[in-house]
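# Results of the structural survey
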Amino acid sequence: MLWHYRFVASTDLDRLAQTAYEAHRSAPPTKGIIVQAGGQTHTFHTEFTAGRQGSLVISDEHASSHHALFQLAHGYWFVQDLDSTNGTWLNNRRIYQAQRLKKGDKIKIGRTVVAVISA
């Protein structure tokens, strides 16, 4: 049996890896999230913060300025508390680390409920 080895120069591999990385970084996320808060519906395609300041403004004195972070990772949306004063609650349970979101979830930020319409 004859074995044939083809050696690829490390610069070729580096170039290939860089090209793949750049293609991945420039591609828009394919999965958005739709949430409803305060009677309004919002759609996001990239990570965002919710609170009295941020991309999803919560007009609630019990919400921190930057209360929670919503992130897309591995095709799923997650919510994470940002060390808020009153905590972030997912389906009536306080969260202490990032939690995966699904349609129908309810996130409490201050006294405001953010409902996941689509994730």
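Everything below is about the structure shown above.
Read on for an overview of the structure. Only a predicted model underlies this, so the values are computations on that prediction, with no experimental measurement involved.

### Overview of the sheet that holds strand β2 (residues 40-44)
Across a sheet, strands are paired by hydrogen bonds formed along the backbone, either parallel or antiparallel in direction. Strands sit in the order β2-β1-β11-β10-β7-β8 across an open sheet of six strands; the sheet is antiparallel. Strands at the two margins of the open sheet, each flanked by one partner only, are β2 and β8 (93-94).

### A short note on the side chain of Thr-112
With respect to the secondary-structure elements, Thr-112 resides in strand β11 (residues 112-118). For Thr-112, the side chain forms a polar contact with the side chain of Asp-60, separated by 2.9 Å.

### A closer look at the pairing of strand β1 (residues 33-37)
Going residue by residue along β1, you find Ile-33, Val-35 and Ala-37 tucked away on one face and Ile-34 and Gln-36 left uncovered on the opposite face. Alignment of β1 against β2, held across five bridges, turns out to be antiparallel. Opposite Ile-33, over in β2, you have Phe-44 as the bridge partner. Where β1 hands over to β2, the hairpin turn is made up of two residues, of which Gly-38 adopts a positive phi near 60°. The pairing of β1 with β11 spans four bridges and is antiparallel. Within β11, the position partnered with Ala-37 by the bridge is Val-114.

### Some words on unusual backbone geometry
A positive phi angle, near 55°, is found at Asp-83, a position not held by glycine. Accessibility expressed as a relative area gives 76% for Asp-83, which makes it exposed. The backbone of Asn-91 sits at a positive phi, close to 50°, despite the residue not being glycine. Looking at the element boundaries, Asn-91 is found in the loop between β7 (88-90) and β8.

### Quick word on the nonpolar core
Phe-70, Leu-101, Ile-107 and Ile-109 are the most contacted members of the largest nonpolar core, which has 20 residues in total. If one sorts the elements of this core by residue count, β1 sits on top with three residues. Not counting residues within four places of it along the chain, the set of residues in contact with Ile-107 comprises Phe-70, Val-79, Thr-88, Trp-89, Leu-90, Leu-101, Thr-112, Val-113, Val-114 and Val-116.

Each value, and the rule that gives it
- Residues numbered from 1 in each chain as written.
- Predicted model: local features only at pLDDT ≥ 70, side-chain atom pairs only at ≥ 80, totals over all residues.
- Heavy atoms only, no water.
- Pairing = 2+ DSSP bridges.
- Helix = DSSP H or I, 4+ residues; strand = E, 2+ residues; numbered from the N terminus.
- Polar contact = N/O pair within 3.5 Å; in protein donor to acceptor, adjacent residues only side chain to side chain.
- Buried < 20%, exposed > 50% of the residue type's maximum accessible area, 1.4 Å probe, protein only.
- Core = buried A, V, L, I, M, F, W, Y, C linked by side-chain atoms within 4.5 Å.
- Contact = heavy atoms within 4.5 Å.

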